[in-house]
Amino acid sequence: MFKQSVVLLSGLLSASAFAQWTLDQDNSALHFMSTKNAQVTEVHSFDHFSGKLSDSGTLTIEVPLDSVNTKIPIRNTRMQEMLFEVAKYPTATFSATLSSALLDMAAGTSKASIVEGELSLHGMTAPVSFNVMVSKLSDDTIQASTISPTLIGADTFGLKGGVEALQNIAGLKSITFNAPVTFSVTFEK
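A quick note: this is a predicted structure, and the numbers were derived from the prediction, not measured.

Colleague: Sorry, what's going on with the overall build of the chain here?
Modeller: Looking only at helices and strands, the chain has four helices and twelve strands in total. Across the 189 residues that make up the chain, the buried fraction comes to 40%. Entry remark: accessible area of the chain is about 10,600 Å², with carbon and sulfur atoms responsible for 57%.

Colleague: I'm lost on the packing of aromatic side chains in this one. Help?
Modeller: Ring pairs (aromatic) are described by centroid distance and by the angle formed between their planes. All told, the structure shown has four aromatic pairs when counted by the stated rule. Residues Phe 46 and Phe 84 carry aromatic rings whose centres are separated by 6.0 Å and whose planes lie at 50° to one another, so their mutual orientation is tilted. Linking Phe 46 in strand E3 (residues 40-46) with Phe 84 in the loop between helix H2 (73-83) and strand E7 (91-97), this pair joins segments that are 38 residues apart in sequence. Phe 84 shares its class with Phe 46; the two are buried.

Colleague: Is there a simple way to think about the packing of H2 against helix H4 (residues 160-170) in this case?
Modeller: For any two helices packed against each other, one specifies the crossing angle of their axes together with the interaxial distance. Contact geometry for H2 and H4: axes closest at 9 Å, N-to-C directions at 140°. With respect to their mutual orientation, H2 and H4 come out oblique. Note that H2 runs across H4; the crossing there is right-handed. Within the contact between the two elements, H2 uses Arg 78, Met 79, Met 82 and Leu 83 and H4 uses Gly 162, Val 163, Ala 165, Leu 166 and Ile 169. A breakdown of the residues in the contact of H2 with H4 according to their chemical character gives seven nonpolar, one polar and one charged.

Colleague: Sorry if this is basic, but what is going on with unusual backbone geometry here?
Modeller: The backbone phi angle of Lys 71 is positive, close to 75°, even though this residue is not glycine. For Glu 85, which is not glycine, the phi dihedral falls at a positive 50°. In this fold, Glu 85 is placed in the loop between H2 and E7.

Colleague: Which parts of the structure should I look at to understand the confidence of the model for the chain?
Modeller: One rule of thumb: low pLDDT means the predicted coordinates there are not for detailed reading. On average, residues of the chain score 92 in pLDDT, and 90% of them reach the 70 mark or higher. Counted against residues more than four places away or in other chains, residues 1-17, with its pLDDT under 50, gives two contacts.

Colleague: Explain the pattern of salt bridges to me, please; I cannot follow it from the model alone.
Modeller: Two side chains of opposite charge can pair, provided their charged atoms sit close to one another. Under the defined criterion, the tally for this structure stands at three salt bridges. Lys 36 is the salt-bridge partner of Glu 42, the closest N and O atoms lying 3.5 Å from each other. According to the relative accessible area criterion, Glu 42 is buried, its value standing at 19%. Accessibility expressed as a relative area gives 23% for Lys 36, which makes it partly exposed. For Glu 42, the salt bridge identified is with Arg 75, shortest N-O distance 2.7 Å. Within this pair, whereas Glu 42 is found in strand E3, its partner Arg 75 is found in helix H2, the two being separated by 33 residues in sequence.

Colleague: Help me understand the pairing of E3 in this model?
Modeller: Consecutive side chains along a regular strand alternate between the two faces of the sheet. Judged from the six bridges that link them, strand E2 (residues 29-36) and E3 form a sheet pairing that is antiparallel. Bridged to Lys 36 within E3 is Val 40. Between E2 and E3, which follow one another and run antiparallel, lie three residues, and Asn 37 among them has a positive phi close to 50°. In the sheet, E3 pairs with strand E6 (residues 68-69) via two bridges, with the strands oriented antiparallel. Residue Phe 46 lies in a different strand from E6, and its bridge partner there is Val 68.

Quick notes on the rules
Residues numbered from 1 in each chain as written. Predicted model: local features only at pLDDT ≥ 70, side-chain atom pairs only at ≥ 80, totals over all residues. Heavy atoms only, no water. Helix = DSSP H or I, 4+ residues; strand = E, 2+ residues; numbered from the N terminus. Buried < 20%, exposed > 50% of the residue type's maximum accessible area, 1.4 Å probe, protein only. Areas by Shrake-Rupley, 256 points an atom, 1.4 Å probe, with all protein chains shown as cover. Phe/Tyr/Trp six-rings, centres within 6.5 Å; stacked < 30°, edge-to-face > 60°. Axes fitted to C-alpha atoms, helices over the stretch in contact; angles between N-to-C directions. Parallel < 35°, antiparallel > 145°, perpendicular 65-115°, else oblique. Left-handed = near helix turned anticlockwise from the far one by under 90°. Contact = heavy atoms within 4.5 Å. Nonpolar A, V, L, I, M, F, W, Y, C, P; charged D, E, K, R; others polar. pLDDT = per-residue confidence, 0-100. Salt bridge = Lys/Arg side-chain N within 4 Å of Asp/Glu carboxyl O. Pairing = 2+ DSSP bridges.

Laid out in structure tokens, this is it:
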């Protein structure tokens, strides 16, 4: 009996030592903006995304691009098909390695930081950085929010043709090629 208890306890301890942080979708949001005709700016979001953060700092966020939400169904469909080409490129993925200074913060503390990583979108991968405020709400909850938007360029990810196609089909004079991106994400153990 004692031996079984020791084996069970060591299994539990090793599982918690390697516990992974998981993104809490209900307490997280991902937004981007677009500007059309040089003066109308609209805020859009993605309804679904997921993420994992290891205790060693490996971060991965995956965004199913068919969850784009512009609040206009036909525009959602056009962005899925003409811009993101979700049949060929269904997800965007951001990956980074966070510093131990962010992971080892005491509960109740916050720290401003720049998270540098790589964004894979539309078959291309490029470096992207986010200026964030990270808060350790408790031993089991971390929250990170952008302090300022990060511009994601259509040219960088081969999306310029898709933006132009959206502009043409909607009969617009212009749509900007840079989209400011903001987020607030919560991770729990």
